[in-house]
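Chain and residue survey
The chain contents come next:
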Amino acid sequence: MDWADDVAYSVHDLEDFHRCNALPWQRVFNERDLIIDHALGDNKRNETRRRQLEAAYERLSDMFNGTYSTLLSEAYTGEREQREQLRRMTSHLIGTYIKAVKINPDPESEVAVKFDEKRRDEVLILKQITRDYIIGSPTLAAQQHGQQKIIEELYECLYRGEDAQTGGGGGVPKILPTRLRYLFDPKISRARFVADCIASLSEAEAISLHRRLMGVTTGSVLDPIVR
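Along each chain, the written sequence defines residue order, and numbers are assigned to residues from 1. Given that the model is predicted, a residue must reach a pLDDT of at least 70 before its local features are reported, and side-chain atom pairs must reach 80 or more before they are shown or counted; all residues, however, enter totals for whole chains, interfaces and linings. Computation of side-chain values covers all heavy atoms of the structure but excludes hydrogens and water.

Description of the pattern of salt bridges
Any carboxyl oxygen of Asp or Glu that lies within 4 Å of a side-chain nitrogen of Lys or Arg is treated as forming a salt bridge with it. In this structure the tally under the stated criterion is 17 salt bridges. The residue Asp-6 makes a salt bridge to Lys-127 at a minimum N-O spacing of 3.0 Å. Linking Asp-6 in helix α1 (residues 2–19) with Lys-127 in helix α7 (residues 117–135), this pair joins segments that are 121 residues apart in sequence. Per-residue accessibility, obtained with a 1.4 Å probe over protein chains only, is compared with the maximum for each type, and a residue is labelled buried under 20%, exposed over 50%, and partly exposed between these values. For Lys-127, a relative accessible area of 16% translates into the label buried. In this structure, the salt-bridge partner of Glu-58 is Arg-32, at a minimum N-O distance of 3.2 Å. Only DSSP runs of H or I with at least four residues qualify as helices, and only runs of E with at least two residues qualify as strands; both kinds are numbered from the N terminus onward.

Following this line, the structure appears as structure tokens:
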């Protein structure tokens, strides 16, 4: 399961970010040492491990700059040829990494599966590329900061609200959308109830409800936001 998650994270995320032109491939190809240093983490002084990751990086770089050089050197616009190339690249990587794990035939071994360590290193490099150039980008950090603020303010508004339908502010806030009121249970804490309400919202619903409650938009009484 962990391997399947790693492969999906490293390959499919790479594909998705390429589709939206978020990956600066020229930087990826020119910043080998930076990527490897980050992938090494606390093992930067382990020269054997460094050489292993350098070899993994070079294998990936040769493939990207060889077979898929045209795809990665131009902006993705969704043209048929680009879609076909991207699918071939994804399929190739997925197929390679599926074959990198095998059931251990030794019934006495405590290790259930055996991995091709070279392929594991490649997946580690691919994951590091996503972390360095997408997850660590200022654009995403700013978006996450805003999303965190929305959740915090929604929680505060629903938890501290004094307009509950029952006495003492311990019941269901009148401002709570009807669909969420069924979550109320007097046996659970107010904090748990509010957290469950927010967790059940889609991203669009959370943003719309926050804008309405904060007075950013008045909306319409005919628009319940959360249906």
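Still more to cover.
Things to note about the side chain of Glu-122
Position of Glu-122 relative to the elements: it lies in helix α7. Given the relative accessible area of 3%, Glu-122 is considered buried. Glu-122 has contacts with Ala-56, Arg-59, Leu-60 and Tyr-97, leaving out every residue within four places of it along the chain. Contacts are assigned to residue pairs that have any heavy atoms within 4.5 Å of one another.

Some thoughts on the nonpolar core
Membership of the largest hydrophobic core comes to 34 residues, with the highest contact counts inside it found for Trp-25, Phe-64, Tyr-97, Ile-125 and Ile-129. Where this core is concerned, the elements lending two or more residues are α1, α2 (25–30), α3 (32–40), α4 (47–66), α5 (69–73), α6 (80–98) and α7. Once residues within four sequence positions are removed from consideration, Ile-129 is found in contact with Leu-14, Leu-23, Val-28, Ile-35 and Ile-134. Buried Ala, Val, Leu, Ile, Met, Phe, Trp, Tyr and Cys residues that are joined via side-chain atoms within 4.5 Å together make up what is termed a nonpolar core. Ranked by size, the runner-up nonpolar core spans 13 residues in total, among them Leu-158, Val-172, Phe-193 and Leu-209.

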